[in-house]
Amino acid sequence: MTTGQPPRRHAHRRPPRRATRVVLALAAAAVVVAVAVVVVPLLRPPGPRPLFQLPVACGETWQLGTYPGHDDFDVDLFPIEGEAWGRPVLASAAGTVTVAGINGSLGGRTPENPDGPRGRGGGYWVKIDHGGRWETQYLHLLEPPLVREGQRVEQGEQIGKVGSTGNSGAPHLHYEQRRGWEKVETWFDGEPSGITHDDREYTVRRTSNNCGA
């Protein structure tokens, strides 16, 4: 049954302009707060240097070295006695793991096939945030890291094993200390390593005092 009258069309009400402005202002404020939460801590000056220790077992003596093209402040560690493959890699200081995974590609160098194909980048690696904008990095690990992202680790806790994954010619540990965004000279047990520029091949020996509590 029809009435002969055209159907009524429901008018679409536009939201009040004032309410729209409020919503946009709140969204903009949320964005500003989110950016501030991320950026402001990065603008703060770094805190005091943690008392970093060699990332290897207590009492062991290792050779620390660099070479032309290695990049300033990068350190490669090799044991002076025994096999390098599988040696424990320890946290240099307490902190929180921020990366635990693969950097680049793994390649195929293993203890069973030490001359296998190289990968790219750092292979299995770990990054640890030590607070105060200080960070350490550990590259070319043999196997997947023994820690996970977000995990709290203590100084001397094992985080992986020495290997040759990534772009690595032989089993060793590539190690870095960073302050803010910049790599800096590595210090161990309160003393500078002496490895700064990569303008020439250079090695030193250091004995680990990473002995836990």
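Let me begin by describing the structure that accompanies this report. The structure displayed is predicted, hence computed values, not measured ones.

1. Describing the pairing of strand β5 (residues 120–131)
Here's step 1: Where strand β4 (residues 95–105) meets β5, 8 bridges bridge the pair, whose relative direction is antiparallel. Bridged to Ile102 within β5 is Tyr124.
Here's step 2: Where β5 folds back onto strand β6 (residues 134–141) in an antiparallel hairpin, the turn is made up of 2 residues, including Gly132, whose phi is positive at roughly 65 degrees.

2. A look at the pattern of salt bridges
Here's step 1: Counted under the stated rule, the structure contains 7 salt bridges.
Here's step 2: When the shortest N-O distance is used, the salt bridge between Lys183 and Asp71 registers 2.7 Å. Placement of Lys183 in strand β10 (residues 182–184) and of Asp71 in the loop between β1 (61–66) and β2 (75–79) is noted, with a sequence separation of 112 residues between them.
Here's step 3: Asp71 gets classed as partly exposed once you look at its relative accessible area, which sits at 39%.
Here's step 4: With a shortest N-O distance of 2.8 Å, Lys183 and Asp74 are connected by a salt bridge.

3. Notes on the layout of surface pockets
Here's step 1: There is about 380 Å³ of room inside the largest pocket.
Here's step 2: Looking at the lining of the largest pocket, the elements that each hand over two or more residues are β1, β2, β5, β6 and β9 (173–179).
Here's step 3: Per-element accounting of the lining of the largest pocket gives the leading share, 3 residues, to β1.
Here's step 4: Here the lining of the largest pocket is built from residues that sort into 3 nonpolar, 14 polar and 5 charged.

4. Comments concerning the nonpolar core
Here's step 1: With 28 residues, the main nonpolar core has Leu64, Leu77, Val126, Ile128, Tyr138 and Ile159 as its most contacted residues.
Here's step 2: Not counting the four nearest positions on each side in its chain, Leu77 is found in contact with Leu54, Pro55, Trp62, Gln63, Leu64, His172, Leu173 and Tyr175.

5. Section: unusual backbone geometry
Backbone phi values are negative for most residues with the exception of glycine, while trans is the configuration of most peptide bonds.
Here's step 1: Backbone geometry places Arg133, a non-glycine residue, at a positive phi of 65 degrees.
Here's step 2: Its place among the elements puts Arg133 in the loop between β5 and β6.
Here's step 3: Among the residues examined, Arg133 registers a relative accessible area of 21% and is labelled partly exposed.
Here's step 4: Phi at His140 takes a positive value of approximately 70 degrees, unusual for a residue other than glycine.
Here's step 5: Structurally, His140 can be placed in strand β6.

About the criteria used
- Residues numbered from 1 in each chain as written.
- Predicted model: local features only at pLDDT ≥ 70, side-chain atom pairs only at ≥ 80, totals over all residues.
- Heavy atoms only, no water.
- Pairing = 2+ DSSP bridges.
- Helix = DSSP H or I, 4+ residues; strand = E, 2+ residues; numbered from the N terminus.
- Salt bridge = Lys/Arg side-chain N within 4 Å of Asp/Glu carboxyl O.
- Buried < 20%, exposed > 50% of the residue type's maximum accessible area, 1.4 Å probe, protein only.
- 1 Å grid on protein atoms, 1.4 Å probe; cavity = no way out; pocket = protein on both sides within 12 Å on 5 of 7 lines; lining within 4 Å.
- Points joined across faces, edges and corners; volume = space filled by probe spheres on them.
- Nonpolar A, V, L, I, M, F, W, Y, C, P; charged D, E, K, R; others polar.
- Core = buried A, V, L, I, M, F, W, Y, C linked by side-chain atoms within 4.5 Å.
- Contact = heavy atoms within 4.5 Å.

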